[in-house]
Structure formats: C-alpha cells, structure tokens
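Geometric and topological summary
Listed here are the chains, written in short residue letters.
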Number of protein chains: 2
Amino acid sequence: MNQNPIGIFDSGIGGLTVLREITRLLPGENTIYLGDTARVPYGNKSRETVERYSLEIAHFLLRHGIKMLVAACNTASAYALDRLKKELAIPVIGVIEPGAKAALRATRTRRVGVIGTEGTIRSNAYSSAIKALDPDVSTFTKACPLFVPLAEEGWTDDDVTLSVAERYLGELKGHGIDTLVLGCTHYPLLKGVLAKVMGAGVTLIDSAESTAEEVKRVLTERDMLHPGAQARAEHRFFVTDSPERFVTVGRRFFGERLDGAELARLAE
Amino acid sequence: MNQNPIGIFDSGIGGLTVLREITRLLPGENTIYLGDTARVPYGNKSRETVERYSLEIAHFLLRHGIKMLVAACNTASAYALDRLKKELAIPVIGVIEPGAKAALRATRTRRVGVIGTEGTIRSNAYSSAIKALDPDVSTFTKACPLFVPLAEEGWTDDDVTLSVAERYLGELKGHGIDTLVLGCTHYPLLKGVLAKVMGAGVTLIDSAESTAEEVKRVLTERDMLHPGAQARAEHRFFVTDSPERFVTVGRRFFGERLDGAELARLAE
C-alpha cells in the first residue's frame, strides 16, 4: 500500500506546480496526476458542478490505487474538499489550509489579501481557514478572472497584464496588507507582475510548497511513506482532453519528466 | 412536426445572440436553447472533445423533439457540423457558412479578416467556407483568446480591452482587409472597441443575423415553418451548470423573455 501512488488533480495544468513541489520534497513517491482539460476552467462554475467533477476524478484515481488524494486546484479545494473527505477512505489534502497557514506565518500586520477565481473567492474558503486558525487576522479578497487566461496566453511579463493587475489589486493595496495569497495555481506564473504592483513590502504566498509539506507531514504521521529508493519513482499523467497541448504547456511547469499523458474517460 | 421547436446550442450564453435574431425573424417558432455552461468554453478544447459534447447535446435536444438543430457556437460549428449532419435526420445549421456568405456580400477589396477562438481559427473553417464560395478572396485570420474572458468580465468599453484588441488586430490591419468576421458569438459585445481599432473603412460581420436568415430559408424550402400565431411561441432554456448566473448574464443578450432556465443532465 505504501508503494501506491499519490493522486493529484487539477482542472488543468496549474496543479503541476503542486506536483513539482511534492516530487521535490518526496522524490521516492510514485504519483498519478489528472488534469480535467476537457472541462477546464473550474473557477467560473458552481459548487455542485465542481463537487461532481471532483468526485468523478477521485473515483477514477481510486481505481488506479492511490493511497492519498491531493486537490491541487483552489476552486476544487474550496468547493469539494469536505465532500471528498467524507466519501473517501484515504487521506485527502487541499491547497487552501496549507496556503492559509503559510500566510499566517508570513504576516506581521495581520492583514492578509487573497486573490483567486470567482468560485474560490465566492466560497470564502481562505478567509474561513485563516480565521479558524487566528480570528484576529483581517482578510481582504478579490476575484481576478482575467489572470488565468492572461497566464495561459503567456502574457506573463506584459503591459496589458500590468494594467489588469493594477485594476484588480488597487483596492487591496488600500487595505494595508503585507501578505497576498495567490489563491489559484496559475497565479505563480504572474509573480513578477504581481510583485511589481504590490511592492516590496508585500509577501506573495504560493501554496504549492506548503501543500507539499502537508503531504509529507500526513504521510509520515500515518506511516504511509514509500519505503523505496527515489530512482524508481513513477509519474503518470492523465488528461480528459487531447494530451498534446497538455504535454507542451505542462513542461513549462514540470519539465522534461512530463514525457507523455494518457486520455482518461471519467464517466462510464 | 412543424410545431416542434428549433433546437439551438452554444457552449454558454453567446449563442443567445443567434437565438435573438431567430426569434426576431421568425416570431412564431418555438425554441429550445441549451448552454453547456458546465463545460464552457469550447474554444481551447480539441476537435474530438467538441464533437463529443456537440453530439451529447444534439441527442438531448432530439429527446425534446426538435425539428432543426442550430449550432450557435463557432467552435462547435467549425469542429462538429459535419458529424452532426451525418448523424442527425433533421436539418443542421451552423454559424460559419452564413458568416462567410455575409462577408462575401460585404467585401469590396476581396480581402477578409477572421477572428475567433483558438479552435475556430485552427480549424480553418471560415477560410475554407469563404474560398469554397469564392476562391479569389484572400483571408487573414487571428485567434483572440482573451476576448471571451474580457467580454464576460464586462470590460466591453475599456482601455485594457482596447490595448488587447490593438495587439491582436494590428497584424490584420496591415493586410488591407475591408471586412472582419467576428467568428465567436461573444465578440459582438466588443463591437465598439473593435470598430475603433479597425477604423471606419472595415465592416464588422456578426453571423447571428445571417444564420437566422439561413434558418428561415431552410425551414421555408422544406415547408417546415410553424403554422401558428406568434403569441403562442415558447422559448425554453436549459443549462448544464447552475441556471442562476446564466439567467442574470443571459438577459443582457436576450432580454426579459429569459425568465428562467432548467438544469440538463446530458450523460446518463
């Protein structure tokens, strides 16, 4: 069982940043990644739909024998984590709570900003997670729907993206935050622009790293770490739309180890 | 049979512009509209996936007794029309050929630009349709992936949208076109900005109107027009994600007659 893979899913390619941190921290672990590219994005869809998609993916990955499930998508973590935890017998980890913990470690002013998709922001998941850990911290949130298409268009260091970021973040800057949670796995690609707009006094939190730490902590605690040498680790990739584009774009996130992806049919 | 509804589908709300023109031209016709909001957008997905989604929708609408199917989505028209025509016994109409015809009526210089989603442009469907009708017309195409999210964000008359449009259209302007096909049902929302960038000498073609004319022509030719008075016409709406957002945003496209939408489950 400990040799079984960790299952990681996202609506598309963004979750590969989380996978990368997991393999960096736990190089001996086998992994299976699923990108739901046929239905991407999740950020503008309802809780019911995102819950249904997440469950379909979880059951697909369970059929491949995963020992743990990581929802490496903020919208899925915000909307579906409770339901996944309830229905699955294996440990389930999302990106929201690790991101919230990292933000609390970083803030001095106790004023934290959160940006994400419409769904993630509407769910209020980050604010709830932060306040559950420390009720005295104030949170300020803003949905930024154009950031994902800008990142996918590759306009990561660009005047247009800078104008969009200035408009989205202007209000947050007014609240005197010193920490900004990048509540969407695409946003780290825009780090340069976001740092320029927010200024040197604001720490940007990318939950990939803290999520990987949480994965390690839970596997260690439950004595579920893979016993073998890292040379044998296998990374398998599934997508729901054509693998071609996923492999091309995905390499920017995960490098050469992404040498192919298989087509998954979720609903039978 | 003639009293049966016309079925119209799109990946989301954009196709409501086509529905509006159909009901304007044929007020006595009953209609059923399906917006595949749980899987929107189609523009960045593969031919296989868009074909599969279009067939699922067609079969759902057939179960509701439609007498004709209109693919009111450029990507679905580009990728799935042939397959739909082959598999369905009722007439099937897309938006590409009507748009191509309207462009040919408008151009004087015989140089036509086409903008659309990645999928529509990659499919080459407009260029093929235009050249099939008149091989002497030159076409120049450009995918504009950010236009849909900008229109959905409501930034329709906006400096950021203007900058994006200038970047996307700069190359097309250099080719001396006098006609620009808006090859995506969302783009008419950006008409003001697009007209400003292209200048007064360029005619913008929105295929909604010419598609409605094609619907009327085919129904008349096959003696399939509804015989009744317009007061009795019924317009029914289905979506695959939560109806709430669809109704709110959809009213901008279709007005008060959009008084509710039902949830459709496509795959059983």
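The structure displayed is predicted, hence computed values, not measured ones.

Digging into the interface of chain A and chain B
If you look at the interface, chain A gives 16 residues, while chain B gives 16 residues. At the level of secondary structure, the elements contributing two or more residues to the side of chain A that touches chain B comprise helix H2 (47-63), helix H7 (147-153) and helix H8 (159-173) of chain A. Of all the elements, H8(A) adds the most residues to the side of chain A that touches chain B, at three residues.

Quick look at the packing of helix H1 (residues 16-25) of chain B against helix H10 (residues 207-221) of chain B
Residue and element names in this part refer to chain B. Orientation of H1 relative to H10, taken along the N-to-C sense of each, is 50 degrees, at an axis distance of 8 Å. One finds that H1 runs oblique with respect to H10. When you trace H1 past H10, the crossing you get is right-handed. Residue-level contacts link Thr17, Val18, Glu21, Ile22 and Leu25 of H1 to Ala208, Glu209, Thr211, Ala212, Glu213, Val215 and Lys216 of H10. Split into classes, the residues belonging to the contact of H1 with H10 amount to six nonpolar, two polar and four charged.

Things to note about the sheet that holds strand E6 (residues 138-143) of chain B
Residues and elements named next belong to chain B. Reading across the sheet, the four strands line up as E6-E5-E7-E8 and stay open at both edges, with parallel pairing between neighbours. Pairing within the sheet leaves two strands with one partner each, and these edge strands are E6 and strand E8 (203-206). When the angles between neighbouring strand axes are averaged without regard to direction, this sheet yields 25 degrees.

Points about H1(B)
Residue pairs three or four apart in sequence face the same way in an α-helix, which turns once every 3.6 residues. All names here are of chain B. Judged by how many residues are buried, H1 sits mostly within the fold: seven of ten residues are covered. Every buried residue of H1 is accounted for by Leu16, Thr17, Val18, Leu19, Glu21, Ile22 and Thr23. The secondary structure elements touched by the buried residues of H1 are strand E1 (6-10), strand E2 (31-35), strand E3 (68-71), H10, strand E9 (235-239) and helix H11 (243-254).

Let's talk about the packing of helix H1 (residues 16-25) of chain A against helix H11 (residues 243-254) of chain A
For any two helices packed against each other, the geometry comes down to the angle between their axes and how far apart the axes lie. Residues and elements named next belong to chain A. Closest axis-to-axis distance for the H1/H11 pair is 8 Å, and the angle between their directions is 45 degrees. As judged from the angle between their axes, H1 and H11 are oblique. For the pair H1 and H11, the sense of crossing is right-handed. Contacts between H1 and H11 involve Leu16, Thr17, Leu19 and Arg20 from the first element and Gly250, Phe253 and Phe254 from the second. Residues of the contact of H1 with H11, tallied by class, amount to four nonpolar, two polar and one charged.

How each quantity is defined
Residues numbered from 1 in each chain as written. Chains lettered and ligands numbered in written order. Predicted model: local features only at pLDDT ≥ 70, side-chain atom pairs only at ≥ 80, totals over all residues. Contact = placed C-beta atoms within 7 Å. Helix = DSSP H or I, 4+ residues; strand = E, 2+ residues; numbered from the N terminus. Axes fitted to C-alpha atoms, helices over the stretch in contact; angles between N-to-C directions. Parallel < 35°, antiparallel > 145°, perpendicular 65-115°, else oblique. Left-handed = near helix turned anticlockwise from the far one by under 90°. Nonpolar A, V, L, I, M, F, W, Y, C, P; charged D, E, K, R; others polar. Pairing = 2+ DSSP bridges. Buried ≥ 20, exposed ≤ 12 C-beta atoms within 10 Å, placed from the backbone.

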